[in-house]
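Residue strings, one per chain:
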Amino acid sequence: MIDSLAGAQSSAVLFSMAETAKANNLKPYDYFEYILRELPQHRDDPENQQKQFIIDNLLPWSPNLSEYIRKV
């Protein structure tokens, strides 16, 4: 995956997301699983009216994230 520029960029994004999740006391695997499950539920909004609201609620520092992804 990282033997090309695109692969290296993709890896950097994933590593950055994982480290940001850790810095916000989240369990990275559970956080990835959560956002990958939540995002598809909102893709059919033709106007993307709630786009910013959805993104804001999925960021690692959002107080609205599910409790099971937080470290105890």
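Preceding this paragraph is the structure being described.
Residues numbered from 1 in each chain as written. Predicted model: local features only at pLDDT ≥ 70, side-chain atom pairs only at ≥ 80, totals over all residues. Heavy atoms only, no water.

K.L.:
Can you break down the pattern of salt bridges residue by residue, with the values?
P.N.:
The final tally for this structure, using the stated rule, is three salt bridges. Residues Glu67 and Arg70 are paired through a salt bridge, measuring 3.4 Å at the closest nitrogen-oxygen approach. (Salt bridge = Lys/Arg side-chain N within 4 Å of Asp/Glu carboxyl O.)

K.L.:
Mind laying out the environment of Ser11, listing which residues take part and the relevant values?
P.N.:
Looking at the secondary structure, you find Ser11 in helix H1 (residues 5-23). The sequence separation of Ser11 and Leu65 amounts to 54 residues, and the corresponding C-alpha distance is 24 Å. (Helix = DSSP H or I, 4+ residues; strand = E, 2+ residues; numbered from the N terminus.)

K.L.:
So what about the layout of surface pockets? Which residues, and what values?
P.N.:
Its boundaries defined by the atoms lining it, the largest pocket holds a volume of some 190 Å³. Contributions of two or more residues to the lining of the largest pocket are made by H1, helix H2 (28-38) and helix H3 (51-58). It is H3 that contributes the most residues to the lining of the largest pocket, three residues altogether. Looking at the lining of the largest pocket residue by residue, the classes come out as 10 nonpolar, one polar and no charged. (1 Å grid on protein atoms, 1.4 Å probe; cavity = no way out; pocket = protein on both sides within 12 Å on 5 of 7 lines; lining within 4 Å. Points joined across faces, edges and corners; volume = space filled by probe spheres on them. Nonpolar A, V, L, I, M, F, W, Y, C, P; charged D, E, K, R; others polar.)

K.L.:
An account of the nonpolar core is needed here, citing residue identities and associated values.
P.N.:
One broad rule of soluble globular proteins: the nonpolar side chains tend to lie buried together. Among the nonpolar cores identified, the biggest contains nine residues, and these are Ala21, Leu26, Tyr31, Tyr34, Ile35, Ile54, Leu58, Leu65 and Ile69. Sorting the residues of this core by element identifies H2 and H3 as the ones contributing at least two each. Looking at this core element by element, the count peaks at three residues for H2. Those residues in contact with Tyr34 that sit more than four places away from it in its chain are Leu58, Asn64, Leu65, Ser66, Tyr68 and Ile69. (Core = buried A, V, L, I, M, F, W, Y, C linked by side-chain atoms within 4.5 Å. Buried < 20%, exposed > 50% of the residue type's maximum accessible area, 1.4 Å probe, protein only. Contact = heavy atoms within 4.5 Å.)

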